[in-house]
Amino acid sequence: MGKLVQAFAKQFFGAGYESARKSLLAAGVLFLAVHAAGLQAAAAPFVLYLTSAVFTAGVMWQALAGRHARELMQGMLMLPFDSRSFVFAYVGVLGAHALLTKTLLVWALFLAVSSWGAGEIALAVFCGCMACVVTAAGYGMYRKKHAVLPFFWGAGILAVILLARRWAAVLAAAAASFLAAVGYLASADAYDFYHAAAGKKRRRGKAARHAGGTGSVCAYLARYLTENKSYLINTAGLWAAACFLPLLFGAFPGGELFPVGLAVLSMNTPLCTLLSGDPDLEQALRTLPGQVRRFCLGYGLFLFAANGLEAGIYLCSWQIAGGGIRFLHVGAALLFSMQSAALSVFLEWRHPIRGWKTESDLWHHPRKYVVPLAMLLWIFLL
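This section reports on the structure supplied with the text. Because the structure is a prediction, the values reported are computed rather than measured.

Before going further, it helps to spend a moment on the overall build of the protein. The secondary structure content of the protein amounts to 19 helices and 0 strands. Across the 382 residues in the protein, those meeting the buried criterion constitute 45%. Contacts in the protein between residues far apart in sequence, at least 24 positions, make up 84% of those at least 6 positions apart. Carbon and sulfur atoms provide 70% of the accessible area of the protein, an area that totals close to 18900 Å².

This is the structure:
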């Protein structure tokens, strides 16, 4: 099992485990910067437990369903292995990657802005570990077409954290869930975590080769979006944010935060990293003539339509929440959607993201903040 752990760790953390070192450094810098700034906020312990569990579960699910994990599993499953050792090595390394590279930054922020006891910190870490193994078990159940069980399992854990709000109840629920998940993984098959998508890749490659105009590119992108359910979930989440952001910003008079909402809604990271997330598609496009005009124009129009839909929902919600929509707001929404789409396409074509290990690394890359910050700076300077 030790060799399996080492093999998986080098794939996810890098040959020299550079991802872990960078994450530790980033967490230390974040903690010192926020602590030195004197920012303080009161938060109940259950918020720390809830954030540790939910955030880690989301990152873990992205990693399990990601393209890199699928390709890695395809290569590793060709070798002789013991199924139980394989499952525990895979889940353990993937969980350690989620905790060290993503959740650690959240913990650093919580520790910097509020005072916590040693018991509360330990329970938060245990909630993160529990989320890793429970998500892996739930993913295995989902792959076996038992989608209802993971849903009720997760809902039960959230209900305990939100309703009980006591460390003893949270610890009991987390320990019981952890043991149940470990028991399930002990009897799980390694092939439960592998899903082939070669047919989809061939269809995407064929569609890219036959993208002869803007309309066909947009149709291809629409099919690509429907094939990747996580992209749809992220887009639906932004629609929900467009509905609730005006209620949050309504507490600030004058409407000065209207552009901030547009900036938040422009961070549809999966759609804005289409080429970075599919190197095969990028290579095929760059080898075909005329793709700057064909694909980039269609890609830009597709992003403009997606941003425009989110901005339209945001405008309607703003009007319902407090009114005060003027022609300036409508013009800002259109310009923001158009300029952010153009800048996103430029960054993807000229500066694609390289060297990422999981889709979570890709979607949390610092480049995601370039477009909204640039657009905010442009609007506030006008």
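A few words on unusual backbone geometry. The residue Arg165 is not glycine, and still its phi comes out positive at about 60°. Relative to the assigned elements, Arg165 resides in the loop between α7 (148–164) and α8 (167–186). For Arg165, a relative accessible area of 51% puts it in the exposed group.

Of all hydrophobic cores here, the largest spans 58 residues; its most connected members are Phe8, Tyr90, Leu185 and Phe193. When residues of this core are traced back to their parent elements, those giving at least two are α1 (2–13), α2 (18–37), α3 (45–64), α4 (67–76), α5 (83–113), α6 (118–143), α7 and α8. For this core, the leading source of residues is α5, giving 14 residues. Setting aside chain neighbours within four positions, we find Phe8 in contact with Leu72, Met76, Phe86, Ala89, Tyr90 and Val93. Grouped together as the second largest cluster of nonpolar side chains are 25 residues, Cys272, Cys296, Ala341 and Ile353 included.

What follows concerns the environment of Ala188. Inspection of the secondary structure assignment puts Ala188 in the loop between α8 and α9 (198–209). Taking the C-alpha atoms as reference points, Ala188 and Arg84, 104 residues apart in sequence, are found 7.1 Å from one another. Contact partners of Ala188, with chain neighbours within four places excluded, come to Ser83, Val87 and Phe193.

With that settled, the discussion passes to helix α15 (residues 279–287). Every buried residue of α15 is listed here: Leu281, Glu282 and Leu285. Within α15, the buried residues cover an arc of 100° as seen down the axis, which keeps them to one side. Opposite the buried face of α15, at more than 90 degrees from it, the exposed residues are Gln283 and Thr287.

Between α3 and α7, the shortest axis-to-axis distance is 9 Å and the interhelical angle comes to 165°. Between α3 and α7, the crossing angle belongs to the class labelled roughly antiparallel. Where α3 crosses over α7, the two elements pack in a sense that is left-handed. Along its contact with α3, which presents Phe46, Tyr49, Leu50, Ala53 and Val54, the element α7 presents Leu158, Ile161 and Leu162. Partitioning the contact of α3 with α7 into residue classes produces 8 nonpolar, no polar and no charged.

Turning our attention to the pattern of salt bridges. Inspection of the entire model under this criterion finds 1 salt bridge. In this structure, Arg367 engages Glu348 in a salt bridge whose closest nitrogen and oxygen atoms are separated by 2.8 Å. Here Arg367 is found in the loop between α18 (359–363) and α19 (370–381), whereas its partner Glu348 is found in helix α17 (residues 327–350), with 19 residues between them in sequence. For Glu348, a relative accessible area of 0% corresponds to the buried category.

Bringing the environment of Lys102 into the picture now. Counting through the fold element by element, Lys102 comes out in helix α5. Residues within four places of Lys102 in sequence aside, it is in contact with Phe55, Val59, His97, Ser360, Asp361 and His364. At 3.3 Å, the side chain of Lys102 and the side chain of Thr101 are in polar contact.

On to the packing of α5 against α8, then. α8 packs onto α5 with a crossing angle of 135° between their chain directions and a minimal axis gap of 9 Å. The pairing of α5 with α8 is recorded here as oblique in orientation. Every residue of α8 that contacts α5 at Arg84, Val87, Phe88 and Val91 is listed here: Val182, Leu185 and Ala186. Tallied by class, residues from the contact of α5 with α8 come to 6 nonpolar, no polar and 1 charged.

Taken as a whole and assessed by the stated rule, the structure comprises 12 aromatic pairs. An angle of 55° between the planes, with centres 6.2 Å apart, marks the rings of Phe110 and Trp116 as tilted. Trp116 shares its class with Phe110; the two are buried. A ring pair is formed by Phe151 and Phe152, whose centres lie 5.5 Å apart and whose planes are at 75°; its orientation type is edge-to-face.

Parameters at a glance
Residues numbered from 1 in each chain as written. Predicted model: local features only at pLDDT ≥ 70, side-chain atom pairs only at ≥ 80, totals over all residues. Heavy atoms only, no water. Helix = DSSP H or I, 4+ residues; strand = E, 2+ residues; numbered from the N terminus. Buried < 20%, exposed > 50% of the residue type's maximum accessible area, 1.4 Å probe, protein only. Contact = heavy atoms within 4.5 Å. Areas by Shrake-Rupley, 256 points an atom, 1.4 Å probe, with all protein chains shown as cover. Core = buried A, V, L, I, M, F, W, Y, C linked by side-chain atoms within 4.5 Å. Arc of directions from axis to C-beta. Axes fitted to C-alpha atoms, helices over the stretch in contact; angles between N-to-C directions. Parallel < 35°, antiparallel > 145°, perpendicular 65-115°, else oblique. Left-handed = near helix turned anticlockwise from the far one by under 90°. Nonpolar A, V, L, I, M, F, W, Y, C, P; charged D, E, K, R; others polar. Salt bridge = Lys/Arg side-chain N within 4 Å of Asp/Glu carboxyl O. Polar contact = N/O pair within 3.5 Å; in protein donor to acceptor, adjacent residues only side chain to side chain. Phe/Tyr/Trp six-rings, centres within 6.5 Å; stacked < 30°, edge-to-face > 60°.

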